[in-house]
Structures are given as C-alpha cells and as structure tokens.
Amino acid sequence: MKQSQSQMPKKDFFAPVKAWKFLGKKPVTIEVPNKVKREASERYRGFHINDWSKCIGCGTCAKVCPTDAIKMVEVPGLVQEDGKLPQRPVIDYGRCSFCALCVDICTTGSLQMTREYIHISDDPEDYIFMPTEKGIKAKRGLYEHGKAPLGWVKDKDSDLLDLERVLMEMVEPQERVRSFIEIVKGYSKEQAMKEAARCVGCGICTYTCPAHMDIPQYIESIYNDDLEEGLRWLYRTNPLSMVCGRVCTHRCESVCAIGNRGEPVAIRWLKRYIIDNVPLEEYSRILDINPEKKGKSIGIIGSGPAGLAAAYFLATMGYDVTIYEAAPRPGGVMRYGIPKYRLPDEALDKDIALIEALGVRILTNMKVGEDISFDEIAKKHDAVFLATGFGLGRSTKVPGTDHPNVKQALPMLKMIRDFLRGDGPKPPVPKKLVVIGGGNVAMDISRSMARLQMIEYGKVDVHTASLERTYEEMPADMDEIEEALEEGVKFYPGWGPIEIVIENDEVKGVRFKKCIRVFDENHRFNPQFDEEKQIFLEADMVIEAIGQAPDYSYLPQELQEKLEFFRGRIKTNEYGQTAIEWLFAGGDIVHGPDIVHGVADGHAAAKGIDLYLSSKE
Amino acid sequence: MGEVKLFFGPNHPGMHGNFSVHMYVEGDIVKRARPLPGFLHRGFEKLMERRFWYSNIALIPRICVPEPDINEACYAMAIEKIAKLDVPERAQWIRMIILELARMANHLMAVGGIGGPLGLYTASHWGMADRDRILDIFEAISGARIYHMYIVPGGVRKNITPKIEEMIWKFLEYIESRFDDYENLIFKNRIVHSRLKGRIILTREHALEMGVTGVGLRATGVPYDVRKVDPYLFYDKVDFIVPTATDGDAFSRVYLKFQELKQSVRIIRQALEKMPQSDKVNVPISKGSALRHRVPKGMAYAHVESARGEYGFFVVSDGKNKPYRVAVRGASYPQGLYGIEKYLPGTRIEDVPVWLATMDVCAPEIDR
Ligand SMILES: Cc1cc2nc3c(=O)[nH]c(=O)nc-3n(C[C@H](O)[C@H](O)[C@H](O)COP(=O)(O)OP(=O)(O)OC[C@H]3O[C@@H](n4cnc5c(N)ncnc54)[C@H](O)[C@@H]3O)c2cc1C
Ligand code: SF4
Ligand code: SF4
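Residues numbered from 1 in each chain as written. Chains lettered and ligands numbered in written order. Predicted model: local features only at pLDDT ≥ 70, side-chain atom pairs only at ≥ 80, totals over all residues. Heavy atoms only, no water.

**Student:** Looking at this model, I keep getting lost on the overall build of chain B. Mind explaining?
**Tutor:** A count of helices and strands for chain B gives 14 helices and eight strands. Taken against the 2.2 N^0.38 rule, which gives 21 Å for 368 residues, the C-alpha radius of gyration of chain B at 20 Å falls within 12% of a compact globule. Across its three principal axes, chain B shows a C-alpha extent of roughly 70 × 45 × 35 Å. For chain B, with 368 residues in total, the buried portion stands at 65%. Considering only residue pairs separated by 6 or more positions, chain B has 72% of its internal contacts joining residues 24 or more positions apart. Here chain B has roughly 12900 Å² of accessible surface; of this, 53% comes from carbon and sulfur atoms. A gap of 6 Å separates the mean positions of the 51 positive and 43 negative side-chain charges of chain B. (Helix = DSSP H or I, 4+ residues; strand = E, 2+ residues; numbered from the N terminus. Rg over C-alpha atoms; globule rule 2.2 N^0.38 Å. Buried < 20%, exposed > 50% of the residue type's maximum accessible area, 1.4 Å probe, protein only. Contact = heavy atoms within 4.5 Å. Areas by Shrake-Rupley, 256 points an atom, 1.4 Å probe, with all protein chains shown as cover. Lys, Arg positive; Asp, Glu negative; His and termini not counted. Charge placed at Lys NZ, Arg CZ, Asp CG, Glu CD.)

Written out as structure tokens, the structure reads:
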C-alpha cells in the first residue's frame, strides 16, 4: 500500500485543488418547478390526451398496455353506432409506465402524449383519469384545449398496427374474361394466419354486420389455427358462410378499426378460408347438432338466403321444416342471379347440403300459387315464413323497351347460369351490347356478357351507361367497376336513356341525354337532365338493370289486405312477425338489399317463430 | 472483542438499489458477509412470459436502472436471431450510439460515484450533472430520461433527427473537455489512492473462477470484452481499444471505467459518421399488429458488453405471441452473490461499499 502511494508523482499533490476553479461558475442545478418551468423534449412521454372526436372506443390501447393501466369504461351519453363503441379509455397513473405503446397502437391516432410531466394532487383519485383532448390539467382548469404541448405521437416508424392487407391473389383479367372460372383464389393457410394477425379483436364489426357474426372470435380461431372452433363461431349466426365468404357485401370491413388508418382486415376472405378448409363430412361432428324434436312444422316459401337461414335455425331448434321453391334448384338469387365467376355452384351446394342433412325438406319446382296454393301451406304448418325475394325486373319504360331484344338483367343472368351448368340453352350473344344501370346487378350482367362475347367472338363490346355521373356516385362497388374495366367493359356515367332506336324492327342502339343531377336536396331520387347534350350508343341488344321488384301474386287477396306494406316491402316486428301472428317474412321483401340481411332476417324469424309457438303452448 | 452483526442496506445511502449485505464484523474487519437480494419482488423473467413480445419492452429496462438499454438490446437481438429479422442498418448504428451513451451515463455515475464511499462529494456531483446531459439526449431520442423503451425487436422505435445528432456531437465535445477535471480531482487524489490502490483486490484466478467479467476481469489483465470477442451490431466496424490493468484492485477498476469513457466517445463519433441516412429504422417482428406478433419456435442467446460485464438474454419461443421463457444473465450476479460471501471477509467495513461500487453490483439483475 505504501508503495502504491509513493508511485503518485509529487507534482500531482495539488491536482484535486484545481476543482476550486468551479467555485466562481454558475451552478448547473435548476430549481424545478419553483423557479424554472422546464419544458420537456419534443418526444416526451408525458400524460395522455385523447381526441374523442376520433376515438372509437376499440380498446386496443387497453389490450397492449403492459401494466394493465387502461380500463375501457362505458360513457353515459355516448351511443353505440357503426364503427364506434360507447366506451373510452381510463388510465390509472399509479400503474402507467409511460411506455406509449398505447399511443403507438391506437387504431385511430386519437391517443397521444403531452410534454406534461408534473401533476400534484392530494386526492389519489386524481391519478385515475379519462383523458380527453384537453389533457390531465383540464380537470382542474389549468389548461385550456391546445395548451398542453404535444409530446410522443405515433409516426410510421413507431406504428404498431399492420396497415397493409395480405394480398388476395386473383385470376388475371385476360385469362378470366375467357371463361367463368372463379376470380378470387382464396388465402393459403399461411396467408390467412398472417391476415388474421392484423385483427385487434375489438368487435366493432360485429355490431355493423347485419347478422352480428362473431367476427373477432372466428378470426382469432384462424390465428390459432383452430378451424373447427372457427366453424362453430360461424354457424352460431350464419349457415351461409361459404356464400358470404365469397360474395357478402362486407359492411363489417367498412367499419373495421384498422380501416381508420389502413386497409381493413379482409374479414370476408378469412370467413371463406375457414369454410374452404373444413371438409363437409366433418361438419356434423364439429357442430354437433342434436336437437330434441318439437313436433311442430314450419313452412317456408322461397329458398334464397332468408329462407335457408330460417330453415337452418329452426331445424337446430328441433322444428320440422319444409321449403317450397318455384325454381328447379334451391338458392334463389345465389343460384340464379350472382354470376358463376363470383359464386360457383359448389360453394352454394356445400352450405345447402348441411341444411338438408339436418332434415330440412326442400321441394323444388313447387311454385306457390300455381303448383300448390298458399292456403294449403297455411293449413299444413304451424307457422309460415315468406322469403320470396325481389324476382321481377324493373324497366325504364322508355320507347322501344318492349322490343324482344331489350332484356331484363335477372332472366338473362338466370339463363347464363342455367346454360353454364348444363340446365338450359345458350343465351343469345349480341355483337354490341348496351347495359343500362350503375349498380352491382349491372356489373354482373355486363361482365357476364363480356365473357360470352369473348368466348363467341374473341372480343368484348359492352357499353354500360348510368345516371350517376361518377364512379363514386354509382351504387356498384368500386372493386366491381375496376374489374369490369379490366375486362374491357366501357362505362358512360351520367347518361339517361331517351329511347331505344329501332329500325326495320331491329335494335340499333340507345339515345341518351346528359344527367346533371340524380338526387335532389332532400336526397330523393329525382334526376334532372340537360336535354341538349345527347349521345347515341350503337347496340344490337339492350339489357336493363335498374332494379328489382317483389311479386306477391301468390298471396291470397284477403291475406294481402291484412298485411301492412311500406314502399313495396312487408312490415314486420324485430322477429319478422307480420300483422298476421303465424305469418313471418324476411329477406328482400322485408329489408334487403343483400344476402347477409336475408340471413339475419332468417335467424330473427326463427327466434320469433320459436317464441310464438312456445307462447302458444 | 465479540462478533457484531451490521446491516448495510437496503436503506442506506451507500447501497446500490434494493439490496443488503449482512456483515458479521470483529472490530473493523468483516469476518463473514451475506448478500441479501429479494427486496424487489418483481419476478421479471416470469412476468415476461405473460406479456406480448412487444409489450415486454416496458418491463425489461427495469432489470437495470442505471443502464436499462442493454436489456432492450439483448432481448431484441435474441428475438431477431430466432425470427431471422433483417434489422435496418441505420437502426444498428443508432443502437450502438444508445448503448455507448448508456455506458457513459453508467460510468460517469460510477466514476463520480466513488466520491460517495470516499467522502469526495464534488466528484459525485460532477458525475451526476454530466450524466444528466446524457439523459437529456435520451429524452430527446426516446421521450424518457431513464427507461427509454427505445430499442425494440426489429430495430428502434423512432429515427434520430439531425437536431439530435447535433446534440450528441456537442455533448461529446463537452465531455472531452471535462476529462482533465475528473483526472485531477479523482485519479490524482491522495485520498483516493490510499483508499483504492492495492485494496479490495480480486485476483485473476478468483475472477475466472466466479465468472466475473467486465472491469472486474479486465483489471486483472484479461482483455475480455464481448464487443471484441463476439462483435455484435457494428462493433467490428469501428476502432477502439479495450483498456486493461494488472493490479486487480479497486483503483484499477474505477480507472478502467474512466478510460472506457474515452473509448465510448471514439465509438459514438465513428457511428455518427458511418451511419447511413435512411427512413427505415425497424422491421416488424412478424406480419400483424403488435398484439399478435409471433416469433417462430426456437431459442437464442444474445449478449452484449454492459458497463458491468457480459450481459445476456436467453430467449425461448414456442411459436406463440408471448415468450415461452426468458432467462437473464446479469453481469453482476457472480460478484454480487458469490463475491460478497467469498471475498469480502478479511476486508474492512469501509471497503464494503467500495466493493459494491467498483464491482457494480446491480440488485435487480440478481433479483430478477
Ligand atoms: C344479380 C344480383 C346480384 C347480387 N349480388 C349480391 C352479392 O354479391 N352479395 C349480396 O350480398 N347480395 C347480392 N344480391 C342481393 C341478394 O341476392 C338478395 O338480397 C338476396 O338473395 C335476397 O334473399 P331472399 O331470400 O330475400 O330472396 P331471393 O334470393 O330472391 O330468393 C327468393 C326465392 O323465392 C323463390 N320464390 C319466389 N316466389 C315464389 C313462389 N311463389 N313460390 C315458391 N318460390 C318462390 C324464388 O324462386 C327464389 O328462389 C344480388 C342480387 C342480384 C339480383
Ligand atoms: S386505441 Fe385509440 S381509438 Fe381505440 S379506444 Fe384506445 S384511444 Fe380510442
Ligand atoms: S403509456 Fe404504457 S403503461 Fe401507460 S397506459 Fe399507455 S400502454 Fe399502459
């Protein structure tokens, strides 16, 4: 020890004293908060703010929070609406670790952090706080909105959501327009599991889905690679999952929380993935449906989605179900309307097979009002469910529409499907076609005819005109419009027909005038035209696709008088019960406009019928 | 004179964290010593199994308060090994800057902090004040001064702006201008020499036997530094030396830290110069939201040279969205547990805090 001390050079003896030079310097210590208000850094992770005009109450912040500091609390006064849950995050600052993971994952970007880091209160409750856009001090009136400076906010680097969808592979336009093969290829297991991992499980979609499907639950089943569990979730609310997994209007996706900043989760394709990958033979084991027989029978008219769904749920409750269907095959629009390239027969067959396996009888070629009277059905069953859909086409009724080469979309689509499955003759294929209409049915017929033209003549010559002046205004889905364009369909948005030009008894084309407005100030359909501006589109066939209407002629007159109608639709209560207590209705004739509404109606009516019959006991 | 039992910590200003040493002394001489961890009640490793891969970044920095970033780095690097992630180059350089700044913050606290047990409080104040300048930088980069939660599996959470780079350059210049002051005040100080030189020696055999790394081992002449023996990030692309000493005493250990400060300055300068400009500073662990990131089945060990020696995370994944097991190799485990029991006896009472300080015993690392 002595030795090492003596190693210290003599000249260093006073070295430490040099520190005295600091005596005269300004101290570096600052007195916060008494003398100095120290501004935190730009990225500071201080107390939260939450912009309620953006927050959707999805609760993702609470899920990611590693300290369980966030609780979702229902806020009185907020109401459940599409895309929003009536709850907001409450943060317990006794637990919060100020990690900002909640900010980085927030689906809307409403949650942010401020540079506020001082909060003094003798009330412990003050540390449990529901942030608004005003921040923690607002409560005590210390800060007006906007004054608490922003700290940590999410940027593209720190974002913890996955905003991009797993791409769905499709058949290329040049290839698909030559046949009616299904366009969408479906997800592989790997793709589906990846897409399922994007979901945050908030369930906002469930509220918006007309059938209130257990969407987050079945997506989680995919994430966990448990398709049997997934199938059980699907069948709780939707026995037409295979169909819906392909052609549902997917309103759920329009409210998906991820859609606030990115591409919504591909809910529809995920549903399809489950059904495509569970073999039909396994269904009965997985779903394990063994109801006790009730000894009561229900008659259903129409085998579209509403009729089939009602049949399924009634059968699972133990009712004896018979469906009367006018067409040779069951399925309604799914069988005879929607084109094969979107919904192949096999998909529908799989859904119907399970329903039949439950003992549901489907009597086809049995048109009520012709092959069997309504009264007979009413007599045979304890309750009757009407699901006859909108089977009649509407016409523009402009001069010339009575020509045989001016067709309606529905019968044409039916003819095409029948032809493709070998049930009927080849439909007439025009060299030049004009389609009138801007909705999805117009897309279906345009694209189907484009395919037939390609097969027949090697080129597409379809011209589709609509009143709506832009693609955005057109009621058709943007995907449909884009795909039609890719397949060679030409669009004429903003034109209304004046007349079908007929020469020598042959259709020559259609004259149109410019549409300058479709809806009036009250959002009512009330088109206005500039008569001066006109175009002529050549055609040897015209197809009208401007809407469908119901046909109630099978219902006896005195019964029709007892029913209540509103704009062509039958009025019912929430259980599909009409003004006649044993008569229920659903699908397009009650709500419309799509399959999943039909499924929801079928489910509601099944519950209603069960309630009605149980109450009679 | 009979044996007396004295408690050093957990409530003692000279104690490093929630830890205590039970000393059985005769006169001023420690006869037996027993380390007592267990005041933290955290169970970090177990907690990690219950949290998403990503959410764990809020927890792990807490395993070492003075140098939290090594936890983030090891955790991230182990996951990246299992998931075979390609971390953007800029993020790797940024991580090096963070880790060296953290080393400096830690060493400044340790070098200045030696003033605590020795009564040289000016040194402690300087160390703390200068460390605060680093915390300012951390605050600018990560939004927090102590628990940065900034290095994440896949990269870092946010990019470093030119303004922040400027801040770092300025700090390096400043701290260099201070080295002479530190040298004069501490290392040319008779009292320091008499308290530390030739005292509390840990020999090479003992260090190797216990598994001591870091300055404890390097002070015995073994140039073991993970940055050199198993370079991670871009440590193989920068010039720096690993200072060593041969005395194995307390003085060597503190002086090595002081010299390492200068090496860190070199490393950070090179990193700032070599770092490519890029918008991309991370890649996701896997497709999906952070609630559902999955790490493929597998296991990996990732280690770094912390301010206290070799520090590592062993991570096991069973393919789910949470870790199956995480085990931490705390660098101060050997000297903090075995070392106290085996090598404190024979030293004097006033040597005990010096052991803890120069050996960098960090309680949560042991009690994890
Ligand atoms: C071309 C086209 C494409 C469409 N595409 C989609 C789509 O992609 N996605 C979507 O969600 N929705 C789509 N829709 C809408 C959807 O098909 C309908 O909303 C849905 O089919 C309505 O179901 P429903 O059960 O009420 O009736 P329907 O499906 O119309 O079924 C009614 C059934 O009742 C039968 N029937 C009628 N009268 C009698 C009688 N007197 N006796 C016996 N049986 C009778 C009919 O033959 C028919 O089978 C489309 C509609 C059309 C026309
Ligand atoms: S994640 Fe964002 S939008 Fe969702 S509840 Fe939390 S703060 Fe609101
Ligand atoms: S900052 Fe971190 S700990 Fe605090 S509420 Fe948000 S997620 Fe939870």
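Once the structure has been displayed, the description carries forward.
**Student:** Help me understand the site of ligand 1, please; the structure alone is not making it clear to me.
**Tutor:** All names here are of chain A. Neighbouring residues of ligand 1: 32 residues in total, closest Val247, Glu325, Arg342, Asp588 and Ile595. One nitrogen or oxygen atom from the main chain of Gly332 is found 3.5 Å from an oxygen atom belonging to ligand 1. Burial of ligand 1 by the protein chains amounts to 90% of its free accessible area of 980 Å². Breaking the shell around ligand 1 down by element, the ones donating at least two residues are helix 13 (305-316), helix 17 (409-420) and helix 18 (440-457). When grouped by side-chain class, the residues that make up the shell around ligand 1 number 17 nonpolar, nine polar and six charged. Lining the shell around ligand 1 are residues from two domains, each supplying at least three of them: domain 3 (290-384 + 552-617) and domain 4 (392-549). (Near = heavy atom within 4 Å. Polar contact = N/O pair within 3.5 Å; in protein donor to acceptor, adjacent residues only side chain to side chain. Nonpolar A, V, L, I, M, F, W, Y, C, P; charged D, E, K, R; others polar. Domains from an automatic or database assignment.)

**Student:** Even after reading the chapter, I still don't get the sheet that holds strand 14 (residues 490-493) of chain A, so can you show me in this structure?
**Tutor:** Within a sheet, neighbouring strands are paired by backbone hydrogen bonds and run either parallel or antiparallel to one another. Residues and elements named next belong to chain A. In spatial order, the strands read 11-18-12-13-14; together these five strands make up an open sheet with parallel pairing. The open sheet is flanked by strand 11 (406-408) and strand 14, the only strands paired with a single partner. Between one strand axis and the next, the sheet turns through 20° on average, direction left out of account. Where strand 13 (residues 462-466) and strand 14 come together, four bridges link them in parallel fashion. The partner of Ala465 across the bridge, within strand 14, is Tyr492. Contacts between helix 17 and the sheet are confined to strand 11 and strand 18 (541-544), with strand 11 contributing the most and set at about 75° to the helix. (Pairing = 2+ DSSP bridges. Axes fitted to C-alpha atoms, helices over the stretch in contact; angles between N-to-C directions.)

**Student:** Just to check I follow, could you spell out the sheet that holds strand 2 (residues 20-26) of chain B for this structure?
**Tutor:** Residues and elements named next belong to chain B. Pairing in this open sheet of three strands is antiparallel, and the strands run 1-2-3 from one edge to the other. Edge positions in the sheet fall to strand 1 (4-8) and strand 3 (29-36), since each has one partner strand and no second. In this sheet, neighbouring strand axes are inclined to one another by 25° on average, regardless of whether the strands run parallel or antiparallel. Across seven bridges, the pairing between strand 2 and strand 3 is antiparallel.

**Student:** Would you explain the confidence of the model for chain B in this entry?
**Tutor:** Detailed reading of the predicted coordinates is not advisable wherever pLDDT is low. Averaged over every residue, the pLDDT of chain B is 93; the share at 70 or more is 100%. Two numbers describe this predicted complex: its pTM, 0.91, and its ipTM, 0.94. (pLDDT = per-residue confidence, 0-100.)

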